[in-house]
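If you want the building blocks of each chain, they are given just below.
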Amino acid sequence: MIALLHAALAAASNSQTKTNPIVTLLPIVLIGVVFYFLLIRPQQRRARSQREMTQSTQVGDEVVTIGGLFGVVREVDDDSVLLEVAPGTELRFLRTAIARKLTADDEVPAEDEAEDEDEDGHEHDEPDDDQEHHYLEPDEKFGKDQGSGDKS
């Protein structure tokens, strides 16, 4: 950086017209300011908010790890958390492995698959208009009477 400054000053002093050295250094300073506001400052904000989020995790919070594992916080230590990922299955992770907390806005409401109720309260199954689900039992397709490869 200093060599660049000396080269700029030497070029300015050797030229016929005298230019202000501040004008010569102004583009470099402007590039540094742009890098600070577009790259460095937003990254510092993200790191600060991630650090605050991991420090504010409490027992009972639903979280997602950086590996994509969903779980509920059951115990919090200084450096680690104990997540319940399934009933009776608990895993210990570093606090820094928590990517985000889940809120009520993040959860997707469960949809009724094929059961609807009439006005009378009767339930009936209707296939979707755009996709019908047909389950075929293995014996229906490859039954004994169709020569499924049995050698008897």
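The structure displayed is predicted, hence computed values, not measured ones.

### Section: the pattern of salt bridges
So, point 1. Across all of its chains, the model carries 4 salt bridges by this definition.
So, point 2. Between Asp61 and Lys101 there is a salt bridge, and its shortest N-O distance comes to 3.5 Å. Residue Asp61 is found in the loop between α2 (21–55) and β1 (62–65), and its partner Lys101 is found in strand β5 (residues 98–101); the two are separated by 40 residues along the sequence.
So, point 3. The class for Lys101 is partly exposed, based on a relative accessible area of 24%.
So, point 4. Arg74 is paired through a salt bridge with Glu84; the nearest N and O atoms lie 2.5 Å apart. Here Arg74, found in strand β2 (residues 70–76), pairs with Glu84, found in strand β3 (residues 80–86); they are 10 residues apart in sequence, far enough to count as distant.
So, point 5. Several salt bridges converge on common partners, so that one network encompasses Glu75, Asp77 and Arg92.

### Focus: the sheet that holds β2
So, point 1. In spatial order, the strands read β4-β3-β2-β1-β5; together these 5 strands make up an open sheet with antiparallel pairing. Two strands lie at the open edges of the sheet, namely β4 (89–94) and β5, each paired on one side alone. Across this sheet, the average inter-strand angle for adjacent strands is 45 degrees, counted without regard to direction.
So, point 2. As paired elements, β1 and β2 share 3 bridges and run antiparallel to each other.

### Considering the nonpolar core
So, point 1. With 6 residues, the main nonpolar core is built from Met53, Val63, Val73, Val81, Leu83 and Ile98.
So, point 2. Those residues within four positions of Val81 in sequence are excluded, and the remaining contacts are Thr57, Glu75, Val76, Leu91, Arg92, Phe93, Arg95 and Ile98.

### Observations concerning α2
So, point 1. Its 35 residues give α2 an end-to-end C-alpha distance of 48 Å, which sits within 8% of 51 Å, the value for a rise of 1.5 Å per residue.
So, point 2. At Tyr36, α2 is bent by approximately 40 degrees, the largest bend along its length.

### So, the confidence of the model for the protein
So, point 1. Scored by pLDDT, the protein has a mean of 77; 60% of the residues are at 70 or more.
So, point 2. Counting contacts from residues 112–116, a segment whose pLDDT is below 50, to residues more than four positions away or on other chains yields 11 contacts.

### Concerning a positive patch on the surface
So, point 1. A cluster of like positive charges, contributed by Arg41, Arg45, Arg48 and Arg51, occupies part of the molecular surface.
So, point 2. Relative to the helices and strands, Arg41 is located in helix α2.
So, point 3. Owing to a relative accessible area of 34%, Arg41 belongs among the partly exposed residues under this scheme.

### Here we look at the side chain of Arg95
So, point 1. With respect to the helices, strands and loops of the structure, Arg95 is situated in the loop between β4 and β5.
So, point 2. When near neighbours in sequence (up to four residues on either side) are disregarded, Arg95 contacts Thr54, Gln55, Thr57, Val76, Asp77, Asp78, Asp79, Ser80 and Val81.

Conventions and cut-offs
Residues numbered from 1 in each chain as written. Predicted model: local features only at pLDDT ≥ 70, side-chain atom pairs only at ≥ 80, totals over all residues. Heavy atoms only, no water. Salt bridge = Lys/Arg side-chain N within 4 Å of Asp/Glu carboxyl O. Helix = DSSP H or I, 4+ residues; strand = E, 2+ residues; numbered from the N terminus. Buried < 20%, exposed > 50% of the residue type's maximum accessible area, 1.4 Å probe, protein only. Pairing = 2+ DSSP bridges. Axes fitted to C-alpha atoms, helices over the stretch in contact; angles between N-to-C directions. Core = buried A, V, L, I, M, F, W, Y, C linked by side-chain atoms within 4.5 Å. Contact = heavy atoms within 4.5 Å. Expected span 1.5 Å × (residues − 1). Bend = angle between axes of the 7 residues up to and from the residue. pLDDT = per-residue confidence, 0-100. Patch = residues over 30% accessible without salt bridge, like charges linked within 9 Å, V, L, I, M, F, W, Y side chains within 5 Å. Areas by Shrake-Rupley, 256 points an atom, 1.4 Å probe, with all protein chains shown as cover. Lys, Arg positive; Asp, Glu negative; His and termini not counted. Charge placed at Lys NZ, Arg CZ, Asp CG, Glu CD.

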